[in-house]
Amino acid sequence: MEHTIKSSKKTEKGNIFYTVAMRGVVAFPKMVMHFDIARDKSVASVEKALKENGKLFLVAQHETDVEDPKESDIYKTGVVAEIRQVLKLPDNVLKVLVEGIYKADLVRLIDDGETLSAEVKRSAMYSRAKYDEIECQAIMRATKDVFERFAAFTVPRMPKELINSVMMAESPIKLIEAIAFNCSLNYQDKQKVLEEPNVINKLSILFAGLSAETEVMELESFITEQTKNSVDKTQKEYFLREQLRVIQEQLGEDEENEAFKYTSDIMALKIDEKSRDKLLKEADRLMKLPAASQEAFVIKNYLDTVLDLPWGKFTKTKMSVEKAEAILDKDHYGMKKVKERIVEFLAVHMLNPEIKGQIICLAGPPGIGKTSIAKSVAKAMGRKYVRVSLGGVRDEADIRGHRKTYIGAMPGRIITALQQAGTANPLILFDEIDKLCSDMKGDPSSAMLEVLDSEQNAEFRDHFLEVPFDLSKAVFITTANDVGSIPAPLLDRMELIELPSYTAEEKFHIAKDHLVPKQLKEHGMKGTQLKISDDALNDIILYYTKEAGVRSLERVIASICRKGAKKIASGEVKRVAVKAKDLQNWLGIRKYISDFNSKKDQVGVVNGLAWTSVGGTLLPIEVVHLDGSGKTEVTGSLGDVMKESSKIAVSYVRSVADKYGIDKEFYKKRDIHIHAPEGAVPKDGPSAGVTMTTALVSALSGRKVRSDVAMTGEITLHGNVLPIGGLREKTMAAYKAGIKTVIIPAANKPDLEEVDDVVKNAIEFVLAENLTEVLDTALLV
């Protein structure tokens, strides 16, 4: 969690920081520590400090049982610390990781009712006054000796590195910091160490505190040893439990009951025996650990997470084909083929709810409704919907989780999604699965293989859980923009449904039926207050947006609504009507122009058709021939495939030169120049082959080409016309441009079923098997 650090508020006497009053804890400069806070003022202070400057003033209370401390309840010296990490725990508890920066004295405490703030003045941790070196060495040795005795009672818990750092410390400051930072001394003694500027006096306070703590532990050890020798095993267990109970009552804790509650909750879970035994062992360990230990917190967090999962909880699904079709039709316009496949998917689930392995990948350009389709499917199935965004995920632990032993460990996104859903059979949408990244931390796409494999996900193991969870009852849908970037093994586990870009006709209906009402509602207007005419919507689609989906279209409509709302709110008008002729006043000059196409019958100019990621477009091809030596020049940012198509076209024209009255020696005497307008736009693909050939024949024979004809198709050297893709988008472009006849490959006849009815009614389609049929249709006598 990263935060930008701003400068704190300054006053004449010092700086003002948000403040946390610490109970039984003392912070020091350069000390990294973590603590839990639950009081409302403390939580609010931390959250506001994060937003403003990332710094807190930490000061201890005199008495730990004061719930709402005033200035008289806290010490006058504390530490300004920088927040390093904040974790949100259940019940509005925050675990805060901080690093002390400098010691500061309290000038005044500010309580605004919501947070605590303090005006503080920086002070030195150590005074610069010289001290007697011999006296310092003596007190250091005495302190090390008593620390050695102290450490003997805490050997398993105290790291050897800490013991070595204390015993090997050569400077008094290092010795003070090693003991004060890491030893569990009385907080009042630690406060004295913080307040005292003199190095010798600090060491003396630590020596006295260690000595007192050591004496208590020696006495405690003696009593324990005596008790051990005088009671048998049963009495010993009873004594210890009674002792623990009394201590917990004095501290206001009830850890044993909490551990027993965990045990009873685990017994009630619908899980296998092996997993149950694992969880019971963790609960047993918790019972034996001190309540305030870090390990106890880790186990509690682990058990809370496991118990929060929907083990054996399922949503009852009610499906019907009619309901599914109605929901899809209501939420999405067009996309007939996609809807049919989704309804088939739902029908299979209705007949066989236990079916596995049906994982759909919705692929297509941005803004065409992939995510909203997944929501509609969840609604139609009656399942909870959860979205997991995978864009930019580069760490395998994001999918599988972190080992629970790490500080701040948490389960992966899959388990988190199930927690959010509260059921073991939700519909989980993996959004932008093609944006998964891999680096030195692992390959998350490999982790997804287990999730999306119906043979493996029945026992999905998250690193944090360490017990298997059954994902086989969940329904998975993924979305992607570029299928080519999905690893082959992952793509193999999914059934691909490609969503084409919207045609202008579909965009018009989506805008009229969905986007305009939605934006009017969001802008607080009724349909009677602002009306956008059909002509205006069509012009917005043609001249102010150029995209596969409808996001930009929605933004443009929102812009009109804002301007309309301003006029209505200012009292300038009561109703607004937006017509096509008014659009320049509303949106400025047109951003895009109509497709360039030949408006009259010409020699050497042919209307081709092309597919782009934002829909179909007209692609005119121009050819001229000049006196020269037989060179062929190709321009217009054409790719390698289109350049090869031009060579095929020249070779074919040479083979049929006699038939069309073309000079057989043209390839020696004439230079040929082939150009595709809008030279800044890269173009490639084989479907312009018939267009180039027709333009060449027209230019060399002098015969004009019909301006109301457009064509698309790949060619071979022998003049055959091969099928192409994107027919639906290409024919819509021809329809918008007013083309009357479209020549397509005969092999594309089945694809005409996908072409909009309005296009089929307005255009005559010529199915060509060879170039002779193309030329006979396009060329004028």
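Right, let's walk through the structure included here. (Residues numbered from 1 in each chain as written. Predicted model: local features only at pLDDT ≥ 70, side-chain atom pairs only at ≥ 80, totals over all residues. Heavy atoms only, no water.)

**Re the overall build of the chain**
- Scanning the chain for helices and strands turns up 27 helices and 25 strands.
- Relative to the globule expectation of 28 Å for 781 residues, the C-alpha radius of gyration of the chain, 38 Å, shows a markedly less compact shape.
- Taken over the C-alpha atoms alone, the chain extends approximately 120 × 65 × 65 Å along its principal axes.
- Within the chain, the proportion of its 781 residues that are buried is 47%.
- For the chain, the proportion of contacts with a sequence separation of at least 24, taken over those separated by at least 6, is 72%.
- Accessible surface computed for the chain: about 39800 Å², of which carbon and sulfur atoms make up 51%.
- Once the 111 positive and 116 negative side-chain charges of the chain are each reduced to a mean point, those two points are 5 Å apart. (Helix = DSSP H or I, 4+ residues; strand = E, 2+ residues; numbered from the N terminus. Rg over C-alpha atoms; globule rule 2.2 N^0.38 Å. Buried < 20%, exposed > 50% of the residue type's maximum accessible area, 1.4 Å probe, protein only. Contact = heavy atoms within 4.5 Å. Areas by Shrake-Rupley, 256 points an atom, 1.4 Å probe, with all protein chains shown as cover. Lys, Arg positive; Asp, Glu negative; His and termini not counted. Charge placed at Lys NZ, Arg CZ, Asp CG, Glu CD.)

**Here's the deal with the layout of surface pockets**
- Looking at the second largest pocket, its volume works out to about 1200 Å³.
- Taken together, 39 residues form the lining of the second largest pocket, with K336, K337, P500, R728 and E754 sitting closest to its centre.
- Breaking the lining of the second largest pocket down by element, the ones donating at least two residues are α12 (336-351), β14 (495-498), α18 (504-522), α25 (727-736) and α26 (757-762).
- In the lining of the second largest pocket, the residues fall into 15 nonpolar, 8 polar and 16 charged. (1 Å grid on protein atoms, 1.4 Å probe; cavity = no way out; pocket = protein on both sides within 12 Å on 5 of 7 lines; lining within 4 Å. Points joined across faces, edges and corners; volume = space filled by probe spheres on them. Nonpolar A, V, L, I, M, F, W, Y, C, P; charged D, E, K, R; others polar.)

**Looking at helix α3 (residues 160-167)**
- Of the positions making up α3, those classed as buried are L162, I163 and V166. Projected down its long axis, α3 carries its buried residues within an arc of 100°, all on one side. Residues K160 and E161 are exposed on α3 and point more than 90 degrees away from its buried face.
- Against α2 (133-152) and α4 (172-182) lie the buried residues of α3. (Arc of directions from axis to C-beta.)

**Points about the sheet that holds β14**
- Spatially, the 5 strands line up as an open sheet ordered β9-β10-β13-β8-β14, and their pairing is parallel. Every interior strand has two partners, whereas the edge strands, β9 (385-389) and β14, have only one. For this sheet the average axis-to-axis angle between neighbouring strands, irrespective of direction, equals 25°.
- Where strand β8 (residues 360-363) lies against strand β13 (residues 475-480), 4 bridges are found, and the strand directions are parallel. Across the sheet, the residue bridging to C361 is T478, located in β13.
- Where α12 meets the sheet, it contacts β8, β13 and β14, and its direction lies at approximately 145° from that of β14. (Pairing = 2+ DSSP bridges. Axes fitted to C-alpha atoms, helices over the stretch in contact; angles between N-to-C directions.)

**Some thoughts on the packing of helix α19 (residues 534-543) against helix α20 (residues 551-569)**
- α20 packs onto α19 with a crossing angle of 130° between their chain directions and a minimal axis gap of 10 Å. On the basis of the axis angle, α19 is oblique to α20. Pair α19 / α20 crosses with right-handed handedness. Across the interface between the two elements, L537, I540 and I541 from α19 touch L553, V556, I557 and I560 from α20. (Parallel < 35°, antiparallel > 145°, perpendicular 65-115°, else oblique. Left-handed = near helix turned anticlockwise from the far one by under 90°.)

**Re the nonpolar core**
- By size, the foremost hydrophobic cluster in this structure holds 70 residues, and its most contacted members are V46 and F147.
- Not counting residues within four places of it along the chain, the set of residues in contact with V46 comprises V20, I37, L56, I83, V86, L94 and V96.
- With 55 residues, the next largest nonpolar core counts I497, A511, Y544 and I557 among its residues. (Core = buried A, V, L, I, M, F, W, Y, C linked by side-chain atoms within 4.5 Å.)

**Here we look at the side chain of N457**
- Secondary-structure assignment places N457 in the loop between α16 (444-451) and β11 (460-461).
- On the accessibility criterion, N457 (4% relative accessible area) is buried.
- If we ignore the near neighbours within four places in the chain, the residues touching N457 are E450, V451, F469, D470, L471, S472 and F476.

**Let's talk about α20**
- The first and last C-alpha atoms of α20 sit 26 Å apart over 19 residues, in line with the 27 Å expected at 1.5 Å per residue.
- Among all positions of α20, only L553, E554, V556, I557, A558, S559, I560, C561, G564 and I568 are buried.
- Those residues of α20 that are buried are in contact with α18, β15 (530-532), α19, β16 (576-578) and α21 (583-587).
- Directly beyond the C-terminal end of α20, a positive phi value near 80° is found at G571. (Expected span 1.5 Å × (residues − 1).)

**So, the pattern of salt bridges**
- Applying the stated rule across the entire model yields 40 salt bridges.
- Between R276 and E273 there is a salt bridge whose closest N-O contact spans 3.6 Å. Of the two residues, R276 and E273 are both situated in helix α9 (residues 273-288); the distance of 3 residues between them amounts to about one turn of the helix.
- R276 gets classed as buried once you look at its relative accessible area, which sits at 9%.
- Linking R493 and D453 is a salt bridge whose minimum nitrogen-to-oxygen distance equals 3.1 Å. Residue R493 is found in the loop between α17 (488-491) and β14, and its partner D453 is found in the loop between α16 and β11; the two are separated by 40 residues along the sequence.
- Connected via shared salt-bridge partners are K278, E282, R285, E295, K404 and E466. (Salt bridge = Lys/Arg side-chain N within 4 Å of Asp/Glu carboxyl O.)

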